[in-house]
Amino acid sequence: QVQLVESGGGLVQSGGSLRLSCAASGRTFSSYGMGWFRQAPGKEREFVAAISWGGRSTSYSDSVKGRFTISRDNAKNTVYLQMNSLKPEDTAVYYCAGRWGVGKSVTTHGAEYDYWGQGTQVTVSS
């Protein structure tokens, strides 16, 4: 069982930056592929970014590519989402997700993740 806890959300002005963190419990974090998803009010959950278990592969949605960066520190059992040049349309609850990843490629599909955090609110004002 893996527990995920997000932090780092908040209110920021358009053009600003935030760094989200997702701390994972357990000793097998380094074997998990990790992803970030978001859900805005009245909208479906959408993929944001993902990173492979070894950290060598990443994937981004077109809407955040070039502005957001996903990374991981396996020694700290933590995955990060650095968000730069934030826009009001980035406003959402951001969720961290994980799945056993050894031998698997990065996935953008939420249904393929087994573990989810409780979410952290990001609000970007114009």
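Going by the structure above, here's the rest.
What comes next concerns the included structure. Just so you know, these numbers come straight off a predicted model, no measurement behind them.

**What to know about the sheet that holds strand 3 (residues 18-24)**
Ordered in space as 1-3-8-7, the four strands form an open sheet in which the pairing is antiparallel. The open sheet has two edge strands, strand 1 (4-7) and strand 7 (68-73), and neither has a second partner. Strand-to-strand twist of the sheet, defined as the mean angle between neighbouring strand axes without regard to direction, takes the value 15°. Pairing of strand 1 with strand 3 involves four bridges; the strand directions are antiparallel. The partner of Leu4 across the bridge, within strand 3, is Ala24.

**What to know about the pattern of salt bridges**
Counting across every chain of the model gives five salt bridges. For Asp62, the salt bridge identified is with Lys65, shortest N-O distance 3.4 Å. Take Asp62 and Lys65: they sit in the same class, and that class is exposed. Each of Arg38, Glu46, Arg67 and Asp90 takes part in a single network of salt bridges with overlapping partners.

**As for the state of the cysteines**
All told, the structure shown has one disulfide when counted by the stated rule. A sulfur-sulfur distance of 2.1 Å marks the disulfide that ties Cys22 to Cys96. Its S-S torsion of about -80° marks the bond between Cys22 and Cys96 as left-handed, since a negative value means left-handed. Here Cys22, found in strand 3, pairs with Cys96, found in strand 9 (residues 92-100); they are 74 residues apart in sequence, far enough to count as distant.

**Concerning the side chain of Glu6**
Secondary-structure assignment places Glu6 in strand 1. Here Glu6 sits buried without a salt bridge, and the closest side chain of opposite charge, Arg45, lies 9.9 Å off (N-O distance). Within the structure, Glu6 has its side chain in polar contact with the backbone nitrogen of Cys96 (distance 2.7 Å). Engagement of the side chain of Glu6 in a polar contact is seen with the backbone nitrogen of Gln118, the distance being 3.0 Å. If near-sequence neighbours (up to four positions away) are discounted, Glu6 is found in contact with Ser21, Cys22, Trp36, Tyr94, Tyr95, Cys96, Gly117, Gln118, Gly119 and Thr120.

**Examining the packing of aromatic side chains**
Summed over the entire model, instances satisfying the criterion amount to six aromatic pairs. Where Phe37 meets Tyr113, the ring centres are 5.4 Å apart and the plane angle is 80°; that geometry is what we call edge-to-face. Taken together, the positions of Phe37 in strand 4 (residues 32-39) and Tyr113 in the loop between strand 9 and strand 10 (115-116) put the pair 76 residues apart, joining distant regions of the chain. Each member of the pair, Phe37 as well as Tyr113, is classed as buried. Counting every residue linked through ring pairs, the aromatic cluster contains Phe37, Phe47, Tyr113 and Trp116. The ring of Phe37 carries the charged tip of Arg45 above its face, separated from the ring centre by 5.7 Å. Above the plane of the ring of Phe29 lies Arg72, whose end atom (NZ or CZ) is 4.5 Å from the centre.

About the cut-offs
Residues numbered from 1 in each chain as written. Predicted model: local features only at pLDDT ≥ 70, side-chain atom pairs only at ≥ 80, totals over all residues. Heavy atoms only, no water. Pairing = 2+ DSSP bridges. Helix = DSSP H or I, 4+ residues; strand = E, 2+ residues; numbered from the N terminus. Axes fitted to C-alpha atoms, helices over the stretch in contact; angles between N-to-C directions. Salt bridge = Lys/Arg side-chain N within 4 Å of Asp/Glu carboxyl O. Buried < 20%, exposed > 50% of the residue type's maximum accessible area, 1.4 Å probe, protein only. Disulfide = S-S within 2.5 Å. Lys, Arg positive; Asp, Glu negative; His and termini not counted. Polar contact = N/O pair within 3.5 Å; in protein donor to acceptor, adjacent residues only side chain to side chain. Contact = heavy atoms within 4.5 Å. Phe/Tyr/Trp six-rings, centres within 6.5 Å; stacked < 30°, edge-to-face > 60°. Lys NZ or Arg CZ within 6 Å of the ring centre and 35° of its normal.

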